[in-house]
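Coordinate inspection notes
If you want the building blocks of each chain, they are given just below.
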Amino acid sequence: PPGLVDVPAFPQIDHLEPRWSGGDLLLQICSDDPLSAAHAQRMLLKDTRAFCTPAWFQRGFLHARGSAPGRTGRNLMGQIDGTVNPATPTQLDAMVWMQGSDWWAGATTAVVRRLRMELDTWDELDRTAMESVIGRTLSTGAPLGGSRETDQPDLDAVDATGLKAIPDFAHIRRARGDADGPQILRRPYNFDDSPAPDGTSDLGQIFCCYQKDIAQQYVPMQARLAEQDLLNQWVTPIGSASFLMLPGCQPGGFLADGLLA
């Protein structure tokens, strides 16, 4: 499909490692119960062993079931993460699902980026600095100058000193760009691997996003972030890959039957 391309390099920020990058086939296994996920993983790897060799494995997590019902999740920096997402069928059709009569109608593309977070130095910031870097309040996730998480950011608002309420380098401003431009569906996961021998944390985010067209939707957003996002001081991309997420199938069919037929 024309919307599926490799994610280009962003030399300002990327420190990609082969062990976390690339790949031909993506298996995403999710469950509220780690035991169920472990069993499904073993069965799927066993069934694909004849024609696949695992390239990488990334374990991520969200809030436990029931711990934050109806709320947007938080990342390991303490920030509410994933506020601006298409939600209605009309929005999903416009931004996520491919249209047309080709076999890929109803498919989407996925970008998977492994982001290492420098939380030990992030913790040295005070609350005001943390909120300025992101452009949202820690407590509610509201954009600076707003009162609720779902408030539209006022990028022209100024504070009592006459400075912009949401700084030019704030993550929310750089990620948003033109509010009328193409957006993406974000579904990030946290990861927490074993600390280094010196006790340094190995934590971060497996950033997953879905869109019709990687070049038209994801790449412009990531280019803005790479150019001028203060969060880059604490977040480093160390893995990157892109995939086609196959459309669903009718009863009695199978994934990719439109292609293989």
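Details of the structure are given in the entry above.
Residues numbered from 1 in each chain as written. Predicted model: local features only at pLDDT ≥ 70, side-chain atom pairs only at ≥ 80, totals over all residues. Heavy atoms only, no water.

1. Thoughts on the overall build of the protein chain
Each helix and strand counted, the protein chain has seven helices and five strands in total. When the helices and strands of the protein chain are read in sequence order from the N terminus, they spell out α-α-β-α-α-α-β-β-β-α-β-α. Here the protein chain has a C-alpha radius of gyration of 20 Å; the compact-globule value for 261 residues is 18 Å, and the two agree. With respect to the three principal axes, the spread of C-alpha positions in the protein chain is 65 × 50 × 40 Å. When burial is assessed residue by residue, the protein chain has 37% of its 261 residues classed as buried. (Helix = DSSP H or I, 4+ residues; strand = E, 2+ residues; numbered from the N terminus. Rg over C-alpha atoms; globule rule 2.2 N^0.38 Å. Buried < 20%, exposed > 50% of the residue type's maximum accessible area, 1.4 Å probe, protein only.)

2. Notes on helix 4 (residues 127-134)
If you check which residues of helix 4 are buried, you get Met130, Glu131, Val133 and Ile134. One side of helix 4 holds all its buried residues, which, seen down the axis, span an arc of 160 degrees. The elements touched by buried residues of helix 4 are helix 3 (119-122) and helix 5 (171-176). Remark: Gly135 follows helix 4 within two positions and exhibits a positive phi of approximately 95 degrees. (Arc of directions from axis to C-beta. Contact = heavy atoms within 4.5 Å.)

3. Remarks on the packing of aromatic side chains
One pass over the structure, following the stated rule, counts three aromatic pairs. Geometrically, the ring pair formed by Trp103 and Trp104 is edge-to-face, given 5.7 Å between the ring centres and 80 degrees between the ring planes. Sitting above the plane of the Trp20 ring, Arg114 keeps its charged end 3.7 Å from the centroid. One cation-aromatic arrangement involves Arg114 over Phe191; the distance from NZ or CZ to the ring centre is 3.8 Å. (Phe/Tyr/Trp six-rings, centres within 6.5 Å; stacked < 30°, edge-to-face > 60°. Lys NZ or Arg CZ within 6 Å of the ring centre and 35° of its normal.)

4. Re a nonpolar patch on the surface
Nonpolar side chains collect at one region of the surface, where Leu25, Leu27, Ile29, Leu44, Leu45 and Phe51 lie side by side and expose about 520 Å² of accessible area between them. Here Phe51 is to be found in the loop between helix 1 (34-48) and helix 2 (89-95). (Patch = residues over 30% accessible without salt bridge, like charges linked within 9 Å, V, L, I, M, F, W, Y side chains within 5 Å. Areas by Shrake-Rupley, 256 points an atom, 1.4 Å probe, with all protein chains shown as cover. Salt bridge = Lys/Arg side-chain N within 4 Å of Asp/Glu carboxyl O.)

5. With respect to the nonpolar core
By size, the foremost hydrophobic cluster in this structure holds 27 residues, and its most contacted members are Met77, Trp122, Tyr218 and Leu231. Contributions of two or more residues to this core are made by strand 1 (108-117), helix 3, helix 4, strand 4 (202-211) and helix 6 (214-227). At six residues, the largest contribution of residues to this core is made by helix 6. Val96, Val112, Tyr189 and Phe243 belong to the second largest nonpolar core, which has eleven residues in total. (Core = buried A, V, L, I, M, F, W, Y, C linked by side-chain atoms within 4.5 Å.)

6. Here's the deal with the pattern of salt bridges
Going through the model one piece at a time under the given rule, you end up with nine salt bridges. A salt bridge links Arg113 to Asp14; its shortest N-O distance comes to 2.9 Å. With a gap of 99 residues between them, Arg113 in strand 1 and Asp14 in the segment before helix 1 connect regions that are remote in the sequence. For the residue pair Arg113 and Asp14, the accessibility class agrees, reading buried in each case.

7. A closer look at the environment of Tyr210
Examined against the element boundaries, Tyr210 turns out to sit in strand 4. Tyr210 sits in the buried class, given a relative accessible area of 12%. Setting aside residues up to four positions removed in sequence, Tyr210 forms contacts with Gln28, Val96, Thr108, Thr109, Ala110, Ile184, Leu185, Arg187 and Met245. At 3.2 Å, the side chain of Tyr210 forms a polar contact with the side chain of Gln28. (Polar contact = N/O pair within 3.5 Å; in protein donor to acceptor, adjacent residues only side chain to side chain.)

8. Some points on the pairing of strand 4
Burial of strand 4 is extensive: nine of the ten residues sit out of reach of the surface. In terms of strand pairing, strand 1 meets strand 4 through nine bridges, oriented antiparallel. Paired with Met117 across the two strands is Leu203, which belongs to strand 4. Bridging between strand 2 (residues 185-186) and strand 4 involves two bridges; their strand directions are antiparallel. Each residue of the ladder has a partner; that of Arg186, found in strand 4, is Cys209. Of the strand pairs in this sheet, strand 3 (residues 189-193) and strand 4 are connected by five bridges, and their pairing is antiparallel. Across the sheet, Tyr189 pairs through a bridge with Ile206, a residue of strand 4. (Pairing = 2+ DSSP bridges.)

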